[in-house]
Number of protein chains: 2
Amino acid sequence: MSEPDVTIGRAKLNEIADQAGVSLSTVSKVLNGRSDVAAITRKRVEGILDEHGYQRRAGLPGRNTLIELVFPDLDTVWAMELIRGVENVAKANGLSVVVTESGNRHSPSPDWITGVLRRRPVGVVLVFSDLSEDAKAQLRSRAIPFVIVDPAGDPAPDVPSVGSANWSGGLMATRHLIELGHSRIAAITGPDDMMCSHARLDGFRSAMNTAKLPVDESLVAFGNFHVDGGRDNARAMLDRDDRPTAIFAGSDLQALGVLDAARSLGIQVPAQLSIVGYDDLQLAQWTSPSLTTVHQPLTRMAEEAARLIIRMSEGELESIPRVDLATRLIVRESTAALAARSA
Amino acid sequence: MSEPDVTIGRAKLNEIADQAGVSLSTVSKVLNGRSDVAAITRKRVEGILDEHGYQRRAGLPGRNTLIELVFPDLDTVWAMELIRGVENVAKANGLSVVVTESGNRHSPSPDWITGVLRRRPVGVVLVFSDLSEDAKAQLRSRAIPFVIVDPAGDPAPDVPSVGSANWSGGLMATRHLIELGHSRIAAITGPDDMMCSHARLDGFRSAMNTAKLPVDESLVAFGNFHVDGGRDNARAMLDRDDRPTAIFAGSDLQALGVLDAARSLGIQVPAQLSIVGYDDLQLAQWTSPSLTTVHQPLTRMAEEAARLIIRMSEGELESIPRVDLATRLIVRESTAALAARSA
């Protein structure tokens, strides 16, 4: 692969226009994200721009002062922690953050792409598990760096991304319960179609296996990461004679649901039931009792993504970065040593 | 007052430069928020621009596609609800939202102002109880419309703002408790130096007075709107023989603190104690029991502010808007009818 040109002047753009068999103004329209170019022409020009390793000039006045952060859904409880992370790094670098809600869980909408091409940000932090090939091509051909922040844990291999150590999180949560003397431990993980759910559950299984404890499959469930997923699964598990003494809840919201199920069944937390959450959202400190939980470093993940964006915009990276930040256990009041067994 | 010019061309800027006794390039530097202009010169030019009713031309290519939202602190629990509101309106109008954390509770920092002047947004939504005279002058002289979203309830009279009905909120919360049969009711409102704390408390007093119920001043406290403020005040009130049977908590976070105080004293909610919160944050649905609370329409307040910004940028408003949106009571599980008095 040849070294990318640092800038492409008018001469170079003429060359690209010739090669694509279009006018210079068409190349310029494509670069500016204008919609009045036929899709097939746009793709051809993008392909050639990509071959030439087109890079924008840094420091154009009034440009490159924005960093974009795109969510599929601003309703998620951790949106704020991610915004804060990008904002921290932006502020330190004299940049401003554009926050957009766009698209579905998989990719931002084409409308958003058009807007980004017009705004020409330093780069884009995307909170998506994947990005459409079309979106990737559009961003790459304009040399707009992008990084995926991926709490779901399943990024495509050709995309720069920042995640966290889900398997280790599940392992730590379960080890903590085992160290407290629990052996009948349930796990309510996330949805079946998210890789992070499987990674956390596999961590749980490994902790049980290495401690030579059996996993009762009737005490393993896939939830939905929301309160009701925790409540419904916990109610079924707790409303039986051989109920578990501890539950690893897979998310803080599910842990809130488990707390509610326990209260409605008259089961004391932590005296009769220990609960570990996952995420360490702000609210984990505020529940009663406060939640022992696995800290997912959402703010730091967003900071790392924003820093990568800035380095990429300065042409500093050689390979596609894929970073997983460490998780850690935060012990609060929802877990306790197993009391002597009552008859 | 003369009609403002819709645009100011080069000729007009020359006139302003003459009047200020500076060069055209200095006027242009001031307009663009450059820092290399002496403060005294900047102020003079701003004053003259303001006299001339300077307005930017709408629809400059690549301009006017941003709307700014500034927080003193992204750590507040309601930041997300406000971002969502501005984003809703921005999206519907083809705009993007720049989110910034800047300054203290009273005004954004001078750095931020410089950035805004450079970015030239459609307008600015500010989450501050006030704005420095300097900041107001800078935004006004560049004809950048701004609206304050003010959950604290004490906007300056010369500034457009959107708030909510704090007094009615306090009244509704207390009436609900009275209707359930409670008469020994405590109130933990917010900090003494925020007008919304006083408005909510006055609503509480009016509800008590019109029901001919005495207010026990030892059951009235100013909290800090955080969990510990609720917990500490509630513990003192609940750990006495003549404890209240209901507490109006003034914020959802304080209500969480009251819940925790009750649990640690072995007092059942709602059987032995009713609790009403204030705000209706998302988490109010997730506590156990879920919170009866006063809904403060934060997302709608931000939407209204963003809509006002757009109308102001189109020159549609004649007077300074000051809007208070209605609050309403959401009844959930933390309140119940007073049980027959035990001896």
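Computed from a predicted model, the values in this text were never measured in an experiment.

This brings us to the overall build of chain A. Secondary structure summary: chain A contains 11 helices and 12 strands in total. If one aligns the C-alpha atoms of chain A with their principal axes, the spans along those axes are about 85 × 35 × 30 Å. Residues classed as buried in chain A amount to 55% of the 343 residues present. Excluding contacts between residues fewer than 6 apart, the proportion of contacts in chain A whose partners are at least 24 apart in sequence is 72%.

A few words on the nonpolar core. By size, the foremost hydrophobic cluster in this structure holds 111 residues, and its most contacted members are F71, I83 and L273 of chain A together with F71, I83 and L273 of chain B. Excluding anything up to four places from it in sequence, L273 of chain B contacts L238, P244, T245, A246, I247, V258, A262, I267, Q268 and S334 of chain B. I185, A187, A207 and F248 of chain A belong to the second-largest nonpolar core, a separate cluster that totals 17 residues.

Taken together, the contact between chain A and chain B spans 30 residues of the former and 30 residues of the latter. Our enumeration of links across chain A and chain B arrives at two salt bridges. We note a salt bridge from E101 of chain A to K91 of chain B, for which the minimum N-O separation is 3.3 Å. Broken down by class, the residue content of the side of chain A that touches chain B amounts to 17 nonpolar, four polar and nine charged. Both strand β2 (residues 96-101) of chain A and strand β2 (residues 96-101) of chain B contribute to a ladder of three bridges, which runs antiparallel. Bridged to V98 of chain A within β2 of chain B is V98 of chain B.

This model, assessed by the stated rule, comprises 30 salt bridges over all chains. Among the ionic pairs, R119 of chain A bridges to E68 of chain A, the shortest N-O distance being 2.6 Å. Taken together, the residues span a long stretch of sequence, with R119 of chain A in helix α5 (residues 110-119) and E68 of chain A in strand β1 (residues 66-71) at a distance of 51 residues. With a relative accessible area of 13%, R119 of chain A lands in the buried category. With a shortest N-O distance of 3.1 Å, E133 of chain B and K136 of chain B are connected by a salt bridge. Taken together, the residues E133 of chain B and K136 of chain B, both in helix α6 (residues 133-141) and three residues apart, mark about one turn of the helix. Take E133 of chain B: its relative accessible area is 56%, and that puts it in the exposed class. Via salt bridges that share partners, E133, K136, R140 and D158 of chain A belong to a single interconnected network.

Another aspect to go through is the domain arrangement of chain A. We note that the domain assignment places domain 1 (10-51), domain 2 (66-163 + 298-325) and domain 3 (166-296) within chain A. Just the C-alpha atoms count here: the centres of domain 1 of chain A and domain 3 of chain A sit 54 Å apart.

Superposing chain A onto chain B requires a rotation of 180° together with a translation of 0.1 Å along the rotation axis, leaving an RMSD of 0.2 Å. One copy is carried onto the other by what is essentially a two-fold rotation axis. Identified as the residue of chain A closest to the rotation axis by C-alpha distance is V98 of chain A, at 2.1 Å. Of the interface residues in chain A, 100% have counterparts in chain B that sit at the interface too, so the contact is made through matching surfaces.

Residue and element names in this part refer to chain A. On strand β4 (residues 146-149), burial covers both faces: F146 and I148 on one face and V147 and V149 on the other are all buried. In this structure, strand β3 (residues 123-126) lies alongside β4, joined through three bridges in parallel fashion. Looking across to β4, one finds that V124 is bridged to F146. Relative to strand β5 (residues 161-164), β4 is paired through two bridges, and the arrangement is parallel. The residue of β5 that forms the bridge with V149 is V162.

A separate point is the sheet that holds β1 of chain A. Judged by pairing direction, the sheet is mixed, and its 12 strands sit side by side in the order β11(A)-β5(A)-β4(A)-β3(A)-β1(A)-β2(A)-β2(B)-β1(B)-β3(B)-β4(B)-β5(B)-β11(B) without closing on themselves. Since the sheet does not close on itself, it has two edges, and those belong to β11 (322-325) of chain A together with β11 (322-325) of chain B, each with one partner. On average, each strand axis in the sheet is tilted by 25° relative to the strand beside it, whichever way the strands run. Where helix α5 (residues 110-119) of chain B meets the sheet, it contacts β1 and β2 of chain A together with β1 (66-71), β2 and β3 (123-126) of chain B, and its direction lies at approximately 170° from that of β1 of chain B.

With that settled, the discussion passes to the environment of Q138 of chain A. Residues and elements named next belong to chain A. By secondary structure assignment, the location of Q138 is in helix α6 (residues 133-141). For the pair Q138 and N93, spaced 45 residues apart in sequence, the C-alpha to C-alpha distance is 26 Å. Beyond its immediate sequence surroundings of up to four residues, Q138 is in contact with R42, E46, I113 and L117.

So, on to the packing of aromatic side chains. Overall, the coordinates contain two aromatic pairs over all chains when judged by the stated rule. A centroid spacing of 6.4 Å and a plane angle of 50° characterise the contact between F248 of chain B and Y278 of chain B, whose relative ring orientation is tilted. Residue F248 of chain B is located in strand β8 (residues 246-248), and its partner Y278 of chain B is located in strand β9 (residues 274-279); the two are separated by 30 residues in the primary sequence. For the pair F248 of chain B and Y278 of chain B, one class covers both residues: buried. Taking the ring centre of Y278 of chain A as reference, the NZ or CZ of R200 of chain A above it sits at 3.7 Å.

Conventions used here
Residues numbered from 1 in each chain as written. Chains lettered and ligands numbered in written order. Predicted model: local features only at pLDDT ≥ 70, side-chain atom pairs only at ≥ 80, totals over all residues. Heavy atoms only, no water. Helix = DSSP H or I, 4+ residues; strand = E, 2+ residues; numbered from the N terminus. Buried < 20%, exposed > 50% of the residue type's maximum accessible area, 1.4 Å probe, protein only. Contact = heavy atoms within 4.5 Å. Core = buried A, V, L, I, M, F, W, Y, C linked by side-chain atoms within 4.5 Å. Salt bridge = Lys/Arg side-chain N within 4 Å of Asp/Glu carboxyl O. Nonpolar A, V, L, I, M, F, W, Y, C, P; charged D, E, K, R; others polar. Pairing = 2+ DSSP bridges. Domains from an automatic or database assignment. Least-squares fit on C-alpha atoms with pLDDT ≥ 70 in both. Axes fitted to C-alpha atoms, helices over the stretch in contact; angles between N-to-C directions. Phe/Tyr/Trp six-rings, centres within 6.5 Å; stacked < 30°, edge-to-face > 60°. Lys NZ or Arg CZ within 6 Å of the ring centre and 35° of its normal.

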